[in-house]
Amino acid sequence: MPRVILTGSIRQQAGGLGIVEVAGDTAAVAVRELEEACPALRGWVVDERGSLRRHVKLFLRGAAVALDAPVGPNDELHIVAAISGG
Amino acid sequence: MTELLVGTKKGLVVLRRERGGTFEVAARAFPGEVVEFAIRDARSGRYFASVTNGQFGPHLFYCDDPTAKWQQAEGPAFPPGANAAVERIWVVEPGDGDGVLWCGVAPAALFRSGDGGKSWTLVEGLWNVPSRPRWDPGAGGLCLHSICPWPGDPKRLAVGISSAGVWLTDDGGETWRRGVKGLVPRYLPEESRHDTHSHCVHNMKRAPRQPATLYMQFHGGVYRSDDAGETWIDIGSDRGLPSDFGFPLAIDPHDPDRAFVIPLTADADRVTPAGRVRVYETRDRGASWRALEEGLPQSQAYLTILRQAFCADSGKPLGLYFGAQSGEVFGSANGGRTWSTIAARLPPVLSVRCA
């Protein structure tokens with residue numbers, strides 16, 4: 001199963017979980033499964049329309065990807081807060 | 001004890017003062033995050049904080065002790081059919097009825113909770129009013145920022161939207177009508193003012209002892225309504241205010257004739273006029289205004305006070321509190337007669353509410 005890797009404040013929001021195994025063959029499904037596993041993350045990575053939040057990045061095999069990126073069973077999907085703020 | 005909830009650009013600051021003492025920082029929650037608004041529901045004792053995380057979006061939290069752990073509410077979030085996402089949670093307002101609270105967000109929408117604020121549902125009646133596609137945002141976005149329940153009648157509600165005017169319901173939110181008669185949008189060409197949806201309400205409060213009385217700070221104009229928001233009377237022109245532009249508005253919950261504003265210089269210069277920080281009070285429903293300034297900075301003080309950053313408590317004498325983007329919080333324990341600086345070096349203040 002693919003694994004979602006959480007770091008920083010989103011890891012805190014997930015109760016300290018850094019790695020979550022999820023089902024799914026795309027990043028979108030993986031994020032949806034992540035929300036099922038960690039209800040506290042509902043609305044954090046994607047908004048209620050299912051759109052990736054503007055300042056959240058997904059990385060797969062070293063490259064930034066969109067929600068429709070295919071995810072393999074051995075992949076690690078990193079959810080990263082973009083460098084932004086004020 | 002007096003407790004103030006100060007939403008800042010870098011977290012929630014809880015200020016407390018024991019009788020006869022000075023205000024101290026009792027807690028800081030959501031460090032580093034934008035806390036747009038925080039309030040305590042006096043009925044349940046529950047606290048709410050609207051937090052906009054720079055990366056992970058806006059979320060509403062609640063707790064029973066602001067120095068302890070907060071829980072995330074279920075919503076407010078738009079249902080799938082709405083094709084919208086909450087951008088910012090502007091206000092939470094206790095309603096009339098057991099466990100009822102209201103929440104206003106951007107893009108302009110109203111949410112209702114019937115379980116004390118744990119979960120929230122979109123008020124579809126307002127979301128579906130036919131004119132909504134023609135609503136325009138103000139500089140702060142298209143936001144529903146003012147919610148005025150009617151004490152004793154849970155079906156009646158008035159809300160203020162920047163810049164889509166006042167909306168009124170008498171059936172608990174099923175149907176809505178506009179209440180903008182008398183408002184003059186001077187920021188529009190004269191020939192465009194009659195048939196516009198652009199009424200930039202900056203703040204609106206209801207007098208709980210006389211619910212048909214509402215006060216409004218408009219985008220250029222201070223108004224009062226004597227008929228529950230159907231029509232509006234200019235109370236800002238030539239009555240002693242240095243400017244009729246601003247955002248903050250507070251009322252005395254015990255006296256429907258008494259209201260307070262903090263004018264800013266102008267639309268294009270949103271700081272306290274002439275470098276002086278002054279609160280203006282009316283005790284005669286807006287027939288006249290007088291400056292309250294003793295203890296407030298009276299020179300070289302160009303402060304910006306945002307719409308949610310001014311409040312009155314329910315005390316007698318009345319307590320008044322406001323915060324500025326400079327990070328200062330000012331308070332008066334005697335209805336504005338004298339003021340003191342109760343916090344001097346906070347992050348930019350976005351909201352102030354008495355707990």
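Residues numbered from 1 in each chain as written. Chains lettered and ligands numbered in written order. Predicted model: local features only at pLDDT ≥ 70, side-chain atom pairs only at ≥ 80, totals over all residues.

### Some words on the overall build of chain A
Okay, step 1: Scanning chain A for helices and strands turns up two helices and five strands.
Okay, step 2: For chain A, the sequential pattern of α-helices and β-strands runs β-α-β-α-β-β-β.
Okay, step 3: Projected onto its principal axes, the C-alpha coordinates of chain A cover approximately 35 × 25 × 25 Å.
Okay, step 4: Counting the 86 residues in chain A, one finds 27% classified as buried.
Okay, step 5: Sequence separation of 24 or more characterises 49% of the internal contacts of chain A that already satisfy a separation of 6 or more. (Helix = DSSP H or I, 4+ residues; strand = E, 2+ residues; numbered from the N terminus. Buried ≥ 20, exposed ≤ 12 C-beta atoms within 10 Å, placed from the backbone. Contact = placed C-beta atoms within 7 Å.)

### Thoughts on the overall build of chain B
Okay, step 1: Scanning chain B for helices and strands turns up one helix and 28 strands.
Okay, step 2: What you see for chain B is a C-alpha radius of gyration of 19 Å, in line with the 20 Å of a compact globule of 355 residues.
Okay, step 3: Considered along the principal axes of its C-alpha atoms, chain B spans approximately 50 × 50 × 40 Å.
Okay, step 4: The buried share of chain B, taken over its 355 residues, is 52%.
Okay, step 5: Partitioning the contacts of chain B with sequence separation of at least 6, the portion at a separation of at least 24 is 50%. (Rg over C-alpha atoms; globule rule 2.2 N^0.38 Å.)

### What about the interface of chain B and chain A?
Okay, step 1: Each partner contributes residues to the interface: chain B has 10 residues there, and chain A has 15 residues.
Okay, step 2: In terms of residue class, the side of chain B that touches chain A is made up of four nonpolar, six polar and no charged. (Nonpolar A, V, L, I, M, F, W, Y, C, P; charged D, E, K, R; others polar.)

### Here we look at the environment of V86 of chain B
All names here are of chain B.
Okay, step 1: Within the secondary structure layout, V86 lies in the loop between β7 (71-72) and β8 (88-94).
Okay, step 2: Separated by 126 residues in the primary sequence, V86 and A212 have C-alpha atoms spaced 31 Å apart.
Okay, step 3: The contacts of V86, once residues within four sequence positions are left out, are P58, P76, A77, F78 and V105.

### What to know about the sheet that holds strand β15 (residues 177-178) of chain B
Residues and elements named next belong to chain B.
Okay, step 1: Read across the sheet, four strands follow the order β12-β13-β14-β15 without closing on themselves; strand pairing throughout is antiparallel. Two strands in the sheet have a free side with no partner beyond their single neighbour: β12 (143-150) and β15.
Okay, step 2: Pairing geometry for strand β13 (residues 153-162) and strand β14 (residues 165-169), over five bridges, is antiparallel. Across the sheet, A158 pairs through a bridge with L168, a residue of β14. (Pairing = 2+ DSSP bridges.)

### Quick word on the confidence of the model for chain B
Okay, step 1: In the predicted model, chain B carries a mean pLDDT of 96, and 100% of its residues have values of at least 70.
Okay, step 2: Across the interface, the model reports ipTM at 0.87; the global pTM reads 0.95. (pLDDT = per-residue confidence, 0-100.)

### Comments concerning the sheet that holds strand β19 (residues 233-234) of chain B
Residues and elements named next belong to chain B.
Okay, step 1: Within the open sheet, the four strands sit side by side as β16-β17-β18-β19. Their pairing is antiparallel. Only two strands of the sheet have a single partner each, and these edge strands are β16 (201-206) and β19.
Okay, step 2: Judged from the two bridges that link them, strand β18 (residues 222-225) and β19 form a sheet pairing that is antiparallel. When the sheet's bridge partners are listed, R224 is paired in β19 with I233.

### As for helix α2 (residues 27-37) of chain A
Okay, step 1: All buried positions along α2 of chain A are accounted for by A27, A30, V31 and L34 of chain A. Angular distribution of buried residues about the axis of α2 of chain A spans 100°; they occupy a single face of the element. (Arc of directions from axis to C-beta.)

### Quick look at the environment of E35 of chain A
Residue and element names in this part refer to chain A.
Okay, step 1: You can see E35 is positioned in helix α2.
Okay, step 2: Taking the C-beta count within 10 Å as the criterion, E35 has 17 such neighbours and is therefore assigned partly exposed.
Okay, step 3: Sequence-wise, E35 and V65 are 30 residues apart; in three dimensions their C-alpha atoms are separated by 19 Å.
Okay, step 4: The contact partners of E35, leaving out residues within four places of it in the chain, are L41 and R42.

### Here we look at the pairing of strand β1 (residues 2-8) of chain B
Residue and element names in this part refer to chain B.
Okay, step 1: For β1, the tally of buried residues reaches five of seven residues, placing the bulk of the element in the interior.
Okay, step 2: Counted along the chain from β1 to the antiparallel partner strand β2 (residues 11-17), the turn is two residues long.
Okay, step 3: Both β1 and strand β28 (residues 349-354) contribute to a ladder of five bridges, which runs antiparallel. If you follow L5 over to β28, its bridge partner there is R353.

### A look at the nonpolar core
Okay, step 1: Core analysis: the biggest nonpolar cluster contains 107 residues, and A49 and V352 of chain B have the highest contact counts within it.
Okay, step 2: Residues contacting V352 of chain B, with those up to four places away along its chain left out, are L4, V6, A309, F310, C311, Y321, F322, G323 and V329 of chain B.
Okay, step 3: Judged by nonpolar contacts, the second largest core, of 20 residues, contains V45, V56, V71 and I79 of chain A. (Core = buried A, V, L, I, M, F, W, Y, C linked by C-beta atoms within 7 Å.)

### Points about the environment of F56 of chain B
Okay, step 1: Mapped onto the elements of the fold, F56 of chain B is located in the loop between β5 (46-53) and β6 (57-63).
Okay, step 2: Once you skip the residues sitting within four places of it in the chain, F56 of chain B turns out to touch I10, W44, R53 and V56 of chain A.

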